[in-house]
Amino acid sequence: MQVHLTLFGQLADITGRTEMILHDIPDTETMIKTLNELYPPLKNAKYAIALNKKVIKENTILNGDNNIALLPPFSGG
Amino acid sequence: MSNPFRNDRYQRQISLKELGEIGQQKLKDAKVLVIGAGGLGCPALLYLAGAGVGRIGIVDFDLVSLSNLHRQVLFSVHDIGLSKALRAGDVLEQINPDIEIIVFNERLSNANALEIIKGFDLILDGTDNFASRYLINDACVILKKTLIYGSISRFEGQLAIFNHPSESNIAVNYRDLFPLAPSDGEVLNCEEAGVIGVLPGIIGTMMANETIKLITGIGIPLINRLLTYNSLNNHFFEMELLAIPETAKMIPEDSGAFKAFNYDWFCSTSSAYELSQEEFKEMRKNKNIQFVDVRESGETPEVENFDHVNIPLSTLKDQIPDIQAETIILFCQSGKRSATAAEILSKHFGKSRKIFSLKDGIAGWQKSK
C-alpha cells in the first residue's frame, strides 16, 4: 500500500523533506519501522501520527487513501 | 436600549450581529489567564484587553531583554531589565482602563499553579518549555479549566483547545496528543532554534481569537482539534485529536499528587554534556572548574597533572555536597562511568550547574597527550 507522508517541524529537519511517498506499507507499524531504517535519528523522536487528518494511537491497517501526517511537539513561545 | 459600554470603545465589534451587546457582556464577565507574557502572550494579551475581557491575569517571572523586542510587542527599549508581567499590566491598563488586570510576577510552579489558575475560566499557555506545558495541562485537567494552547518552532506554529468538553462530552488534553515529554535536546527552544517575530504574533493572535470565540459562543473553535501553520508556504493543516483512557493515569489525580510531581525531572531538562579531549585541554586552564575523578580509589593511572578530587561513582550520591563549583568536569577510565555520574549530578542540580563528562576518559587523554 502506498503512503503519502507529511512531516512537520524537526521531523522535516531530520529527513530533509516535508513530504514523501512510501511504497508497500501494509500498516502504520511497518511505516514507522521503514522510516527508522531510512532515518535512524527518527527512532528517538517523539511524534503524533494522524491518518487522513485523525490522530491514531494504535497500529492501523492501511488501505485506500493513506495521507499520514507526523507531528512533533513544539515548545517555543 | 442604551449601550451599557462606555465611550463607544467596543462599538465596532458590538455591531457584529454574531457578537452584539450580549457577546460584549459575556466578554466583560470572562476571566482569562495568560501564562507567559512573551512572543505568544503579548499579542494575545493586547487583543483580549482590547476586546474588553473583564478580568485578565498575566503570569511571568522573566525580565524584558533586547532580544525579546522583535516579537514581544508589548515592550520597548525603555522596559529592558523590567518585569514582563508588571510592564505588560501597565501597557494593558493604558489600552483599556475599564478592565481588571491581575499581575502574577512569579514563576508558575506546581506549588502556586492551582491557586493561580483557580481564579480564571480560560487559560492560555504561551510558555516556552515543556515542563511548564505539562504542568499547565495537568493543572487544567485537575481543575477542569479550558486550555488554549499555542506553540511555535522556527517557521511553524501549533494551536489547539484542550480540556474543553465537546458536544459529545469528550475533552482531549495535551497528554492525549503527546503523553511523554521529548528527551533533552530533541526539541530546540526559540533561543536555540531561532524564530521570526511575526510567527508568534500570528499564533498568539489566533489564541486570542479562539478565546473570544469560546467566550461569545460564535464560530467553530478548535475544540479537540489541532491546527498547524507553516509561515513559509502558508499551509494550514488540521487534525482531529483522540482522547486516550491511559493518559488519564499519567496526570496527578489531585492537588497533593500534583504538588509532589517533579515536572523538571519528567521533562529531563538535563544539563550534562560530553566533553571532547580538545575541549578538555582548553578547559583545564580555567581555575573555576572542579575536576572530579569518579574511579574507585587505587585505580591507575593516577592523575597528577591537574588539581582534582576523587569521588568514586559508588559513593557519588552521598558526596554531592562536596561538589561546589558551578562548572564540573567528571572523568573516569573510559568515559562510561563519568557519563553515568553526569546523569546523576544533572538530575540533582538541574540546570543550575554546568556538568561535563570527559569523552574516552583518562585512556583517551593519555593517547592525545
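Keep in mind the model is a prediction, meaning the values are calculated, not measured. (Residues numbered from 1 in each chain as written. Chains lettered and ligands numbered in written order. Predicted model: local features only at pLDDT ≥ 70, side-chain atom pairs only at ≥ 80, totals over all residues.)

Is there a simple way to explain the overall build of chain B in this structure?
Each helix and strand in chain B was counted, giving 14 helices and 13 strands. For chain B, the spread of C-alpha atoms along the principal axes amounts to about 90 × 50 × 40 Å. Considering chain B as a whole, with its 369 residues, one finds that 43% of them fall into the buried category. The contacts of chain B with a sequence gap of at least 6 include a subset with a gap of at least 24, amounting to 71%. (Helix = DSSP H or I, 4+ residues; strand = E, 2+ residues; numbered from the N terminus. Buried ≥ 20, exposed ≤ 12 C-beta atoms within 10 Å, placed from the backbone. Contact = placed C-beta atoms within 7 Å.)

Quick question: what am I supposed to make of the overall build of chain A here?
Within chain A, the regular secondary structure consists of two helices and five strands. Mapped in sequence order, the helices and strands of chain A form the string β-α-β-α-β-β-β. Since a compact globule built from 77 residues should have a radius of gyration of about 11 Å, the 12 Å found for chain A is in line with a globular shape. Overall size of chain A, expressed as C-alpha extent along the three principal axes, is 40 × 25 × 20 Å. Buried residues in chain A amount to 34% of all 77 residues. (Rg over C-alpha atoms; globule rule 2.2 N^0.38 Å.)

Please explain the domain arrangement of chain B as it appears in this structure.
How big an interface is tends to be expressed through the accessible area that disappears when the partners come together. With domains assigned, chain B is organised as domain 1 (6-266) and domain 2 (272-368). When each unit is reduced to the centre of its C-alpha atoms, the spacing between domain 1 of chain B and domain 2 of chain B is 42 Å. (Domains from an automatic or database assignment.)

Hey, could you run me through the interface of chain A and chain B in this one?
The interface is formed by 21 residues belonging to chain A together with 34 residues belonging to chain B. Of all the elements in the fold, those that place two or more residues in the side of chain A that touches chain B are helix H1 (9-15), strand E3 (48-51), strand E4 (54-56) and strand E5 (67-71) of chain A. Residues that form the side of chain A that touches chain B fall into these classes: 10 nonpolar, seven polar and four charged. (Nonpolar A, V, L, I, M, F, W, Y, C, P; charged D, E, K, R; others polar.)

What is the right way to look at unusual backbone geometry in this model?
Leaving glycine out, the prevailing phi sign among residues is negative, and the prevailing peptide bond configuration is trans. In this model, Thr300(B) is joined to Pro301(B) through a cis peptide bond whose omega is 0°. Summarising the element assignment, Pro301(B) is placed in the loop between strand E10 (289-293) and strand E11 (309-310). Positive phi values are uncommon outside glycine, yet Asn52(A) reaches one of about 45°. Its location among the elements puts Asn52(A) in the loop between E3 and E4. One non-glycine residue, Asn163(B), lies in the positive phi region at around 60°. By the element assignment, Asn163(B) lies in the loop between strand E6 (156-162) and helix H7 (174-177). Asn163(B) sits in the buried class, given 23 other C-beta atoms within 10 Å.

I would appreciate a short explanation of the pairing of strand E4 (residues 122-125) of chain B in the present structure.
Sheet faces and side chains relate simply in a regular strand, where the side chains alternate between the two faces. Residues and elements named next belong to chain B. Because side chains alternate across E4, one face comprises the buried residues Leu122 and Leu124, and the other comprises Ile123 and Asp125, equally buried. Bridge count for strand E1 (residues 31-35) against E4 is four bridges, and the pairing is parallel. Across the sheet, leucine 33 pairs through a bridge with isoleucine 123, a residue of E4. Examined bridge by bridge, E4 and strand E5 (residues 146-153) share four bridges and lie parallel to one another. Looking at E5, one finds that leucine 122 is bridged to threonine 146. (Pairing = 2+ DSSP bridges.)

Honestly, helix H2 (residues 20-29) of chain B in this entry has me stumped. Any pointers?
Residues and elements named next belong to chain B. For H2, every residue scored as buried is listed here: Gly23, Gln24, Lys26 and Leu27. One face of H2 carries all of its buried residues, which in axial projection span an arc of 155°. Exposed residues on H2 whose side chains face more than 90 degrees from its buried face are Ile22 and Asp29. Lining the buried residues of H2 we find helix H1 (11-14), helix H3 (41-51) and helix H9 (198-216). (Arc of directions from axis to C-beta.)

How should the pairing of E10(B) be read in this particular structure?
Pairing between E10(B) and strand E12 (residues 327-331) of chain B: five bridges, direction parallel. Across the sheet, the residue bridging to Gln290(B) is Ile328(B), located in E12(B).

Honestly, the packing of H3(B) against helix H4 (residues 84-95) of chain B in this entry has me stumped. Any pointers?
The axes of two packed helices give the description: the angle between them and the distance between them. Residues and elements named next belong to chain B. At a minimum axis distance of 9 Å, the contact between H3 and H4 shows a crossing angle of 30°. Between H3 and H4, the angle falls in the class roughly parallel. Crossing geometry of H3 relative to H4 is assigned as right-handed. Residues Cys42, Leu45, Ala49 and Gly50 of H3 touch H4, and the partners they reach there are Ala88, Leu92 and Ile95. Split into classes, the residues belonging to the contact of H3 with H4 amount to six nonpolar, one polar and no charged. (Axes fitted to C-alpha atoms, helices over the stretch in contact; angles between N-to-C directions. Parallel < 35°, antiparallel > 145°, perpendicular 65-115°, else oblique. Left-handed = near helix turned anticlockwise from the far one by under 90°.)

Can you help me understand the environment of Arg353(B) in this one?
Residues and elements named next belong to chain B. Relative to the helices and strands, arginine 353 is located in the loop between helix H13 (336-349) and strand E13 (354-358). Assessed through the 18 C-beta atoms surrounding it within 10 Å, arginine 353 is described here as partly exposed. Spatially, the C-alpha atoms of arginine 353 and serine 338 are 16 Å apart, while their sequence positions differ by 15 residues.

I tried to follow the nonpolar core on my own but got confused; where do I start?
Note on soluble globular proteins: their nonpolar side chains tend to be buried together. Residue and element names in this part refer to chain B. Ranked by internal contacts, the top residues of the largest apolar core, which has 92 residues, are Val32, Val34, Leu45, Ile56, Ile58 and Ile123. What valine 32 contacts, discounting residues up to four positions off in sequence, is Leu48, Val53, Ile56, Phe120, Leu122, Leu124 and Thr211. Counting residues in hydrophobic clusters, the runner-up holds 20 residues, among them Phe280, Ile328, Ala341 and Ile355. (Core = buried A, V, L, I, M, F, W, Y, C linked by C-beta atoms within 7 Å.)

Is there a simple way to explain H13(B) in this structure?
An α-helix turns once every 3.6 residues. As a result, residues three or four positions apart point the same way. Look at H13(B): 20 Å from first C-alpha to last across 14 residues, which is about the 20 Å you get at 1.5 Å a residue. The positive-phi residue at the C-terminal boundary of H13(B) is Gly350(B), with phi of around 60°. (Expected span 1.5 Å × (residues − 1).)

Explain the environment of Ile323(B) here, please?
Following the sequence through the fold, Ile323(B) ends up in the loop between E11 and E12. Put simply, Ile323(B) and Ile311(B) are 12 residues apart on the chain and 9.3 Å apart in space, counted from C-alpha to C-alpha.

Even after reading the chapter, I still don't get the confidence of the model for chain B, so can you show me in this structure?
A low pLDDT means the predicted coordinates there should not be read in detail. Across chain B, pLDDT averages 90, with 93% of residues at or above 70. With pTM at 0.77, the complex prediction returns an ipTM value of 0.93. (pLDDT = per-residue confidence, 0-100.)

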